[in-house]
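Notes for the structure review
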Amino acid sequence: MAKYWGDFPSSAADDEIPDVLPAGRYVSVIPNGHGALTAWIAGPGRCYRTPYPASAHKPVKVTRGDPSNEPEEVWFEPFTEADLQQENDDINSYLADAGVRPRPRGYNWHVLVPGNISDGRALEYAL
């Protein structure tokens, strides 16, 4: 198992599997603590990362109103560096509780999965 997140291979694009890894089906883990722990446990022999800066994230849907009714207002705001930092801090807090070093921010993490796993949500559900 990797001692450092820097041990994980990198790729420029999500669908470009680094040559050092086995061929197969890779999916992006859900960007939360459990997804990060899944990538850590998979290790650098079955996981790689790709750049995913705040500017590449989809806009965030914001709603205002009573949760039991239709929203009064709905709008979208850009995902900011502060949002990325908060997400990363939350994930690293989860990892710290598990005794795992903090991971670097600004990456998508992709793990090798069996053929019956279609995406990160299916992986999360299977685990």
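None of these values were measured; they are calculated from a predicted model. (Residues numbered from 1 in each chain as written. Predicted model: local features only at pLDDT ≥ 70, side-chain atom pairs only at ≥ 80, totals over all residues. Heavy atoms only, no water.)

Once that is clear, we can look at the nonpolar core. Note on soluble globular proteins: their nonpolar side chains tend to be buried together. Core analysis: the biggest nonpolar cluster contains 18 residues, and Trp5, Cys47, Leu95, Trp109, Val111 and Leu123 have the highest contact counts within it. Breaking this core down by element, the ones donating at least two residues are α1 (33-42), α2 (81-97) and β5 (107-113). Broken down by element, this core gets its largest block of residues, 5 residues, from α1. Apart from the residues within four sequence positions on either side, Val111 is in contact with Arg25, Tyr26, Val27, Val29, Thr38, Ala39, Ala42, Arg46, Cys47 and Leu123. (Core = buried A, V, L, I, M, F, W, Y, C linked by side-chain atoms within 4.5 Å. Buried < 20%, exposed > 50% of the residue type's maximum accessible area, 1.4 Å probe, protein only. Helix = DSSP H or I, 4+ residues; strand = E, 2+ residues; numbered from the N terminus. Contact = heavy atoms within 4.5 Å.)

Moving on, we come to α1. Each full turn of the α-helix corresponds to 3.6 residues, which orients residues three or four apart in the same direction. Most of α1 is tucked away, with 8 of its 10 residues classed as buried. In the core, the buried residues of α1 are packed alongside β2 (47-51), α2, β5 and α3 (120-126). Where α1 starts, the residue carrying a side-chain oxygen 3.1 Å from the main-chain nitrogen of His34 turns out to be Asn32. Positive phi appears at Gly43, one or two residues downstream of α1, with a value of about 80 degrees. (Polar contact = N/O pair within 3.5 Å; in protein donor to acceptor, adjacent residues only side chain to side chain.)

Its location among the elements puts Thr50 in strand β2. By relative accessible area, which is 0% here, Thr50 ends up buried. A polar atom in the side chain of Thr50 sits 2.9 Å from the side chain of His110. With residues near it in sequence (within four places) discarded, Thr50 still touches Ser11, Ala13, Asp14, Gly106, Tyr107, Asn108 and His110.

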